[in-house]
Amino acid sequence: MPLPQVSSLNLNLRLLFPLLSPFKPSSLSYLKPINHSPSLFTILASSKRHRNIPPPHHLKVNLARRNTSTLSSRDQQKVAPMETTTEPQPSVGFNKRRAEGRDKSDKPHKNLQLKVRKLNPVNTISYVQILGTGMDTQDTSPSVLLFFDKQRFIFNAGEGLQRFCTEHKIKLSKIDHIFLSRVCSETAGGLPGLLLTLAGMGDEGMSVNVWGPSDLKYLVDAMKSFIPNAAMVHTRSFGPTLSSDTASMPDSSQFQEPIVLIDDEVVKISAILLRPSCLDGSPHLNEEPVMQNPSERGLDVRMDPNGKTGPIMKPGDMSVIYVCELPEIKGKFDPAKAMSLGLKPGPKYRELQLGNSVKSDRQNIMVHPSDVMGPSVPGPIVLLVDCPTESHLQELLSIQSLSSYYVDALGNLPESAKTVTCIIHLSPASVISSSNYQRWMQRFGSAQHILAGHEMKNVEIPILKSSARIAARLNYLCPQFFPAPGFWSLQQLNYSAPESSASSEGPVSKLCESIAAKNLLKFTLRPYAHLGLDRSGIPNSATPTEIIDELVTEIPEIVDAAQCVSQFWHGSRETEEITSLQDSKVFVEEPWLNENSLPFCLENIRRDDLEIVLLGTGSSQPSKYRNVSSIFINLFAKGSLLLDCGEGTLGQLKRRYGVEGADDAVRHLRCIWISHIHADHHTGLARILALRRDLLQAVPHEPLLVVGPRQLKRYLDAYQRLEDLDMQFLDCKHTTAASLDAFEGFIESNKDHSSPESPINDEDMTNKILDGPTGQNIDCTLFARGSQMQSYWKRPGSPVDNRIALPILKTLKKALSEAGLEALVSFPVVHCPQAFGVALKAAKRINSVGKVIPGWKIVYSGDTRPCPELIEASHGATVLIHEATFEDGMVDEAIARNHSTTMEAIEVGDSAGAYRIILTHFSQRYPKIPIFDETHMHKTCIAFDMMSVNIADLPVLPKVLPYLKLLFKNEMIVDESDDIVDDAVEAVHVGS
């Protein structure tokens with residue numbers, strides 16, 4: 001039968017005249033699939049509540065009804081039937097096939113064809129441009145765009161590239177090739193999300209050529225665990241193949257000659273491989289000695305099978321220099337010379353311009369192109385150099401294939417040499433500043449050098465201006481919940497940074513033409529008349545002061561609103577002090593704001609006990625205003641945790657705490673918990689782990705504990721063949737209540753049977769748990785089908801997995817204890833196979849008079865439909881962080897994708913008796929503020945990126961919501977066109 005049509009009023013109408021909901025908290029007590037409908041989707045029994053209530057006749061508003069369903073009739077016809085059940089009809093439905101992971105066959109097959117473009121050899125425009133990803137956060141490598149009229153090439157795809165392109169209107173669909181200068185999280189962290197987005201574009205999807213050194217195969221193998229293989233069929237690696245257990249360097253002859261990757265009428269792109277030095281005594285070119293300790297230069301020292309010790313090259317060590325050569329510009333045709341040689345105007349003129357000789361019409365001679373054409377101009381040559389360590393620098397100095405681009409000792413170009421026009425240096429500042437590197441730069445004569453390595457002065461200028469603007473406005477309204485970003489405060493930016501200085505660019509600027517890169521800086525290659533730097537596209541930086549002045553002009557009443565908000569922290573206001581905001585009826589404080597009693601766990605709570613930082617609050621893919629899922633649990637001196645870790649999490653941490661503050665946060669991570677395998681929840685994990693590895697390299701430390709679904713382990717294991725992530729993995733199923741009870745029960749029951757002389761070792765403990773009745777309880781109760789609304793499981797974990805888990809459970813218990821936490825408990829939810837939510841419980845504390853105070857409890861839903869497991873886990877929660885992907889009128893979509901609506905999320909919190917509810921994971925169809933019915937938000941707030949909720953401020957949290965509505969009042973009238981999101985992208989981004 002056809003899907004019921006669910007409708008609602010337009011956003012601004014619903015905000016002005018909120019609906020009275022008939023929902024009761026008890027309506028979520030039992031949630032099961034519907035049995036009477038053949039449709040895949042089950043619908044809320046009370047969906048008739050979405051009534052069209054006309055506005056009062058005194059308010060003349062001309063508003064079109066929102067189209068609340070994005071499911072086309074064609075999509076509805078393709079839906080597979082729902083499995084039937086004889087159980088009674090419930091009030092909430094879900095997509096069972098999706099929950100079980102059996103919905104892949106329901107999706108249309110896509111071939112993901114490469115784009116075929118007709119090239120234009122006579123390009124009117126060509127340039128290279130710096131895409132400043134990571135410039136303000138120093139968390140990832142900048143990208144470089146090589147632009148032609150009919151082709152686009154991007155070099156490096158670090159985290160945040162997709163969001164950057166959205167911000168600056170760079171169309172990803174126009175990208176033909178992506179080249180990686182190294183294969184690691186710093187240069188390729190944004191590649192998984194980029195491939196998924198391209199695969200979801202249009203009816204057939206799109207693909208892109210991805211090029212990299214042979215290490216690329218390890219990244220591709222890892223991505224196969226969550227990215228369709230069709231999205232990666234055009235990945236191409238080059239160079240010698242390395243093995244993760246290689247005991248020696250590859251033959252040096254494999255690194256000598258350039259490898260031609262692309263050679264067409266528009267550009268020739270070659271790759272020169274750069275390996276770290278193997279200290280083999282190979283001759284170098286009069287360089288000063290550099291560090292001789294291999295371990296100090298980023299090399300592993302390992303003993304080979306013959307017993308000899310030496311540095312080895314491992315996957316991830318190889319770097320690439322890319323050489324981009326444009327064809328020569330032919331000289332101008334001279335008609336006068338052609339006529340003097342007896343040629344008549346006509347087709348022979350064109351033949352000469354095409355490079356062909358012709359016979360004279362009036363003389364018995366052959367006329368050659370050189371007789372009538374002016375001198376040709378060599379095509380521009382661009383080099384992209386990534387020399388990541390001092391060890392690579394030694395090899396860079398000795399690469400013979402680069403000698404054809406060098407000038408002689410007098411600065412003159414040898415007759416056979418080629419002139420390099422521009423060199424973009426992706427090398428870090430520590431390498432570029434060395435005297436060896438500087439002298440090497442001089443060998444290219446008059447080439448323009450652009451230094452794109454990280455510089456501290458770029459930290460002051462936000463690359464994502466749209467989100468920075470929103471952050472500044474939120475900070476003005478409520479600095480307690482929206483602190484100033486760590487790198488962007490009023491004090492820091494009340495001055496204009498100098499254009500350049502010798503100190504910032506180093507002594508290199510005195511030796512050759514070099515400048516520090518800026519975001520969107522261009523170097524024009526064609527037309528030739530404009531050859532050189534182009535700064536016209538560099539964005540103007542706006543200070544917070546300018547942004548706030550604009551805000552006050554746009555919304556004058558925001559000044560009074562900010563004062564009202566500040567009073568929440570500075571005592572109650574007297575009646576006569578109520579501002580003109582209330583007099584003008586822009587905001588009326590609701591009576592329910594004072595109805596909530598303070599939970600016992602918040603008695604005498606300290607501000608340094610807990611802070612919840614919402615780093616990413618969007619779903620599916622990054623947008624201008626919201627990054628994908630990540631929550632930072634700041635326990636201050638006791639460390640921190642991450643709940644989910646979508647792409648760009650590290651960048652968000654650096655925006656919140658500053659570069660150094662974020663590094664400290666990563667150093668003190670106790671655990672990272674991942675809810676499910678969808679890309680928008682975990683693709684930032686490798687970058688965080690790699691940074692922590694580097695930060696703690698010189699100090700004793702334990703590998704970081706990562707708790708996640710079983711498929712995540714497959715990804716991490718495959719990825720660690722590329723680079724060590726210094727982590728240990730624990731399956732979420734081993735942290736469920738049943739598993740933890742079994743673990744604790746065994747420990748308690750064996751306390752009396754152990755002694756210092758005969759302690760229980762991990763193997764004995766494992767065997768007893770797995771062989772005894774308690775062990776059997778782990779697998780038989782963890783995933784028992786007690787409810788149709790839980791995650792569905794195909795098979796239990798293997799005994800090997802369980803044996804590995806037990807000692808790691810001891811590690812988890814220790815880490816939690818050090819963090820002041822009593823428990824971390826995962827529970828299955830309804831979204832996809834192996835999807836989980838999590839509950840964190842703080843340890844009890846004793847106040848100044850010896851009274852025992854229970855610890856707070858935070859519950860995070862992950863992605864889910866409302867379900868009993870979530871309600872049970874959330875019982876008595878201090879804070880429930882619940883996904884609210886869709887507005888109330890989009891129940892169809894919520895059920896189809898196993899997500900929740902705003903009202904459903906609130907009802908879960910009400911049913912569980914949660915003290916505060918924070919809504920997050922909003923569909924990107926709501927770019928700035930989601931649609932909500934404030935009537936039921938008496939203990940709820942909506943999340944924004946960088947929102948920081950201190951546990952001591954929880955009583956105030958819902959009071960701020962009406963003022964947030966005021967801040968975005970001009971954003972709340974949503975056009976129909978703004979409501980349309982490419983659902984194919986959401987479907988392929990399976991985290992949608």
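The numbers attached to residues start from 1 for each chain and follow its sequence in the written order. Thresholds applied to this predicted model are a pLDDT of at least 70 for local features of residues and 80 or more for the giving and counting of side-chain atom pairs; totals over whole chains, interfaces and linings are not thresholded and use all residues. Excluded from the side-chain calculation are hydrogens and water; included are all heavy atoms of the structure.

The next thing to look at is the overall build of the protein. Only DSSP runs of H or I with at least four residues qualify as helices, and only runs of E with at least two residues qualify as strands; both kinds are numbered from the N terminus onward. When you go through the protein residue by residue, the secondary structure sums to 31 helices and 34 strands. Each residue's exposure class comes from its accessible area (1.4 Å probe, protein chains only) as a fraction of the maximum for that residue type: buried when under 20%, exposed when over 50%, partly exposed otherwise. Out of the 992 residues belonging to the protein, those deemed buried represent 57%. Any pair of residues with heavy atoms lying within 4.5 Å of one another is described as a contacting pair. For the protein, contacts bridging at least 24 residues in sequence account for 73% of all contacts bridging at least 6. Accessible areas in this description were obtained via Shrake-Rupley with a 1.4 Å probe; residue shielding takes into account the shown protein chains only. When the accessible surface of the protein is totalled, it reaches about 40,200 Å², and 53% of it is carbon and sulfur.

So, on to the nonpolar core. Leu146, Phe155, Ile269, Tyr322, Ile424 and Ile672 are the most contacted members of the largest nonpolar core, which totals 105 residues. With residues near it in sequence (within four places) discarded, Ile269 still touches Leu146, Phe153, Phe155, Phe179, Ile259, Val260, Leu261, Ile262, Tyr322, Val323 and Cys324. Nonpolar cores were defined as sets of buried Ala, Val, Leu, Ile, Met, Phe, Trp, Tyr and Cys residues, with membership established by side-chain atoms within 4.5 Å. Core analysis: the next-biggest nonpolar cluster, separate from the first, contains 85 residues, Phe482, Ile631, Ile918 and Leu957 among them.

When DSSP finds two or more bridges between a pair of strands, those strands are recorded as paired. One open sheet holds the 7 strands; their spatial order is β7-β8-β11-β14-β15-β16-β17, and the pairing between them is mixed. Looking at the sheet topology across the chains shown, the edges are occupied by β7 (259–263) and β17 (514–516). Neighbour-to-neighbour, the strand axes of this sheet turn through a mean angle of 20°, independent of strand direction. One ladder, built from 4 bridges, connects β7 with strand β8 (residues 268–274); its direction is antiparallel. Bridge pairing in β8 links Ile262 to Ile269. In the packing of helix α13 (residues 435–442) onto the sheet, contacts are made with β14 (381–385), β15 (422–425), β16 (448–451) and β17, and the angle to β15 comes to roughly 160°. Fitted lines through C-alpha atoms serve as axes, helices being fitted only where they are in contact, and the angles separating the N-to-C directions of these axes extend from 0 to 180 degrees.

With respect to the helices and strands, the residue Pro388 is situated in the loop between β14 and α11 (390–396). By relative accessible area, which is 17% here, Pro388 ends up buried. For Pro388 and Ala429, which are 41 residues apart along the polypeptide, the C-alpha to C-alpha distance reads 9.6 Å. Sequence-distant contacts of Pro388, defined by excluding residues within four places in its chain, comprise Arg182, Ser319, Pro428 and Val431.

The working definition used for a salt bridge is a side-chain nitrogen of Lys or Arg within 4 Å of a carboxyl oxygen of Asp or Glu. Following the criterion strictly, the structure yields 28 salt bridges and no others. Here Asp945 makes a salt bridge to Arg163, at a shortest N to O gap of 3.9 Å. Taken together, the residues Asp945 in the loop between β33 (940–942) and β34 (947–950) and Arg163 in helix α4 (residues 161–167) connect sequence positions 782 residues apart. Each member of the pair, Asp945 together with Arg163, is buried. Among the charged side chains, a network of salt bridges with common partners joins Arg182, Glu186 and Asp386.

With that out of the way, let us pick up unusual backbone geometry. Of the consecutive residues Arg526 and Pro527, the connecting peptide bond is found in the cis state with omega at 0°. With respect to the helices and strands, Pro527 occurs in the loop between β18 (522–526) and β19 (532–534). A positive phi angle, near 55°, is found at Asn604, a position not held by glycine. One can find Asn604 in the loop between α19 (580–583) and β20 (611–616). Positive phi, close to 70°, is recorded for Asp644, a residue that is not glycine. Mapped onto the elements of the fold, Asp644 is located in strand β22 (residues 640–645).

A separate point is the packing of aromatic side chains. Only the six-membered ring of Trp is used, alongside the rings of Phe and Tyr, when aromatic pairs are assigned; centres must lie within 6.5 Å, and planes under 30 degrees apart are stacked while those over 60 apart are edge-to-face, with the rest tilted. According to the stated counting rule, one finds 20 aromatic pairs in the structure shown. An angle of 50° between the planes, with centres 4.9 Å apart, marks the rings of Phe333 and Tyr349 as tilted. Of the two residues, Phe333 is situated in the loop between β11 (319–325) and α8 (335–340) and Tyr349 in helix α9 (residues 347–353); the sequence distance between them amounts to 16 residues. The buried category is assigned to Tyr349, whose relative accessible area is 11%. With centroids separated by 6.0 Å and ring planes inclined at 75°, the aromatic side chains of Phe482 and Phe944 adopt a geometry described as edge-to-face. With Phe482 in the loop between α14 (465–477) and α15 (502–505) and Phe944 in the loop between β33 and β34, the pair connects residues that are 462 residues apart, well separated along the chain. By relative accessible area, which is 3% here, Phe482 ends up buried. Through a chain of ring-to-ring contacts, the aromatic side chains of Phe148, Phe153, Phe155, Phe179, Trp211, Phe238 and Tyr322 assemble into a single cluster. To sit over a ring, a charge needs its Lys NZ or Arg CZ within 6 Å of the ring centre and within 35 degrees of the ring normal. The ring of Tyr406 carries Arg443 above its face, with NZ or CZ at 5.4 Å from the centroid.

This next bit is on the packing of α14 against helix α17 (residues 544–554). Running from amino to carboxyl end, α14 crosses α17 at an angle of 70°, the nearest separation of the two axes being 9 Å. Looking at the two axes, α14 sits roughly perpendicular to α17. In the packing of α14 onto α17, the handedness of the crossing is right-handed. Residues Arg469, Ala472, Arg473 and Tyr476 of α14 lie in contact with α17, whose contacting residues are Ile547, Ile548, Glu550, Leu551, Val552 and Glu554. Gly is put with the polar residues, along with every residue not named as nonpolar or charged; the nonpolar set is Ala, Val, Leu, Ile, Met, Phe, Trp, Tyr, Cys and Pro, and the charged set is Asp, Glu, Lys and Arg. The residue makeup of the contact of α14 with α17, split by class, is 6 nonpolar, no polar and 4 charged. For classification purposes, an angle smaller than 35 degrees is called roughly parallel, one larger than 145 roughly antiparallel, one from 65 to 115 roughly perpendicular, and anything else oblique. In this scheme the crossing of two helices becomes right-handed for a clockwise turn of the near helix relative to the far one and left-handed for an anticlockwise turn of less than a right angle.

Our focus in this paragraph is the sheet that holds strand β5 (residues 209–213). In spatial order, the strands read β6-β5-β4-β3-β2-β1-β18-β19; together these 8 strands make up an open sheet with mixed pairing. Among the strands making up the open sheet, the edge pair consists of β6 (235–238) and β19. For this sheet the average axis-to-axis angle between neighbouring strands, irrespective of direction, equals 25°. For strand β1 (residues 126–131) and strand β2 (residues 143–148), the ladder comprises 6 bridges, and the chain directions are antiparallel. Of the residues in β2, the one forming a bridge with Ile130 is Val144.

Time to look at the side chain of Glu883. Structurally, the position occupied by Glu883 is in strand β31 (residues 879–883). Summary of buried charges: Glu883 has no salt-bridge partner, and the nearest side chain of opposite charge, Arg865, is 7.5 Å away. N or O atoms within 3.5 Å of each other form a polar contact, as long as, within protein, one can give a hydrogen and the other can take it, and as long as residues adjacent in sequence are counted only when both atoms are side-chain atoms. Within the structure, the side chain of Glu883 is placed 2.7 Å from the side chain of Thr885, a separation counted as a polar contact. A distance of 2.6 Å separates polar atoms of two side chains, one belonging to Glu883 and the other to His899. The contacts of Glu883, once residues within four sequence positions are left out, are Ser861, Gly862, Asp863, Thr864, Asn898, His899, Ser900, Ala905, Thr920 and His921. Only four residue types enter the tally: Lys and Arg on the positive side, Asp and Glu on the negative side; His and the chain ends are excluded.

Quick look at the packing of helix α20 (residues 649–667) against helix α21 (residues 685–695) now. Across the interface, α20 lies against α21 with an axial gap of 11 Å and an inter-helix angle of 25°. If you check the angle between α20 and α21, you find them roughly parallel. Where α20 crosses over α21, the two elements pack in a sense that is right-handed. Mapping the contact onto sequence places Thr649, Leu650, Leu653, Lys654, Asp663, Val666 and Arg667 in α20 and Arg687, Ile688, Leu691, Arg692 and Leu695 in α21.

Our next topic: the pairing of strand β21 (residues 630–634). Among the 5 residues of β21, 5 are classified as buried, and the element is accordingly described as predominantly covered. Along β21, one buried face is formed by Ser630, Phe632 and Asn634 and the opposite face, lined by Ile631 and Ile633, is buried too. Sheet topology note: the β20/β21 ladder contains 5 bridges and is antiparallel. Residue Ile612 lies in a different strand from β21, and its bridge partner there is Ile633. Pairing between β21 and β22: 5 bridges, direction antiparallel. Pairing of Ile631 across the sheet is with Leu643, part of β22.

Another aspect to go through is the environment of His425. Of note, His425 is situated in strand β15. Considering only alpha carbons, one finds His425 and Ala452, 27 residues apart in sequence, at a separation of 5.6 Å. Those residues within four positions of His425 in sequence are excluded, and the remaining contacts are Val385, Ile432, Tyr437, Trp440, Met441, His449, Ile450, Leu451, Ala452 and Gly453. Looking at His425, its side chain comes within polar contact range of the side chain of His449, at 2.8 Å.

Like charges within 9 Å and nonpolar side chains (Val, Leu, Ile, Met, Phe, Trp, Tyr) within 5 Å are joined into patches, using only residues over 30% in relative accessible area that form no salt bridge. We put the charge of a Lys on NZ, of an Arg on CZ, of an Asp on CG and of a Glu on CD. A cluster of basic residues, Lys118, Lys150, Lys171 and Lys174, forms a positive patch at the surface. Among the structural elements, Lys150 can be located in the loop between β2 and β3 (152–155). Taking the relative accessible area as the measure of exposure, Lys150 reaches 40% and is therefore partly exposed.

In this section: the confidence of the model for the protein. Confidence scores labelled pLDDT are given residue by residue by the predictor and lie between 0 and 100. Confidence in the prediction of the protein, expressed as mean pLDDT, is 79, and 72% of residues score 70 or more. Note that pLDDT drops below 50 for residues 489–510; the model gives that stretch 29 contacts with residues more than four away or on any other chain. Confidence drops under a pLDDT of 50 for residues 973–992, and excluding neighbours within four residues, the segment shows 62 contacts in the predicted structure.

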